[in-house]
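These are the residues of each chain, in order.
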Amino acid sequence: MRLVPAALLSLLAATPALAALAPGAAAPDFTTRGATAGKISDVNLAKLLKKGPVVLYFFPAAFTPGCSAEARAFAEAIPAFKKAGATVIGMSADPVDVLADFSKKDCAGQFMVASAGPAVIAGYDVALSRAAPRVMTTRTSYVISPAGKIVYVHNDMNYADHVRNTLDAVKRLASPKG
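Here the structure is a predicted model, which means the values were calculated and not measured. Starting afresh in each chain, residues are numbered from 1 along the sequence in its written order. Residue-level local features of this predicted model are given only where pLDDT is at least 70; pairs of side-chain atoms are given and counted only at 80 or more, and the full residue set underlies all totals for whole chains, interfaces and linings. Each side-chain value is worked out from all heavy atoms of the structure, with water and hydrogens disregarded.

> How should I be thinking about helix α3 (residues 65-83) in this particular structure?
Only DSSP runs of H or I with at least four residues qualify as helices, and only runs of E with at least two residues qualify as strands; both kinds are numbered from the N terminus onward. To estimate how far a helix should extend, the number of its residues minus one is multiplied by 1.5 Å. In this model α3 runs 28 Å from its N-terminal to its C-terminal C-alpha over 19 residues, within 8% of the 27 Å that 1.5 Å per residue would give. One axis is fitted to the seven residues ending at the residue and one to the seven starting there. The bend at that residue is the angle between these axes. At Ala-77, α3 shows its strongest bend, of approximately 50°, with the proline Pro-79 following within four residues. Every buried residue of α3 is accounted for by Gly-66, Cys-67, Ser-68, Ala-69, Glu-70, Ala-71, Phe-74, Ala-75, Ala-77, Ile-78 and Phe-81. We call two residues in contact when some of their heavy atoms are within 4.5 Å. Packing partners of the buried residues in α3 comprise β3 (54-58), β4 (87-92), α4 (96-105), β8 (140-144) and α6 (162-174). Only protein chains enter the area calculation, which uses a 1.4 Å probe; residues under 20% of their type maximum are buried, those over 50% are exposed, and those in between are partly exposed.

> Just checking my understanding: could you explain the sheet that holds strand β2 (residues 39-44) for this structure?
Strands belonging to one sheet form pairs held by backbone hydrogen bonds; the direction of such a pair is parallel or antiparallel. What the 7 strands build is an open sheet, ordered β2-β1-β5-β4-β3-β8-β9; its pairing is mixed. With one partner strand each, in any of the chains shown, β2 and β9 (150-155) form the two edges of the open sheet. The sheet shows a mean angle of 25° between the axes of neighbouring strands, taken without regard to direction. Strand direction decides the pairing type here: β8 and β9, joined by 5 bridges, are antiparallel. Counted as the bridge partner of Ile-144 is Ile-150 from β9. In this scheme, strands are said to pair when DSSP sees at least two bridges between them. Note on geometry: axes are lines fitted to C-alpha atoms, helical ones only across the stretch in contact, with angles between N-to-C directions running from 0 to 180 degrees.

Shown next as structure tokens:
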């Protein structure tokens, strides 16, 4: 898949000004542990990008009202993301055992949620709180092209538009006209 310049410009223009990492930046690669439908496994961004675009969405904490609502909304939209060729990965600073439970309940087993350690949080510039006892991330969604470049960012603590906006960005990325 090749992103034509006009498509890239339309994606860049649609990006909110408060983005943590700017569109066009290289997405930091990572390997971490995550869970899908309660089953824990490794996840590596570079391997996922070989299959197509990745929606990487960071959320503050599992089982909080906004994060649960956002996870349910992503779960409902997974068929549309798959149709557009994208993989969705939720990320938080929660430990993987908590995320395994969250993946079964609020994610309905539809997509992986993974534990973002300090290097991932710093690399994506999504630290909300570094204070003990609970490290949290901002609510930031990235669309990453198969080439490993960030093409869209939505940075807003209100979960309401993350699913719709990232799905629209993935569709634009997949569109031959952009």
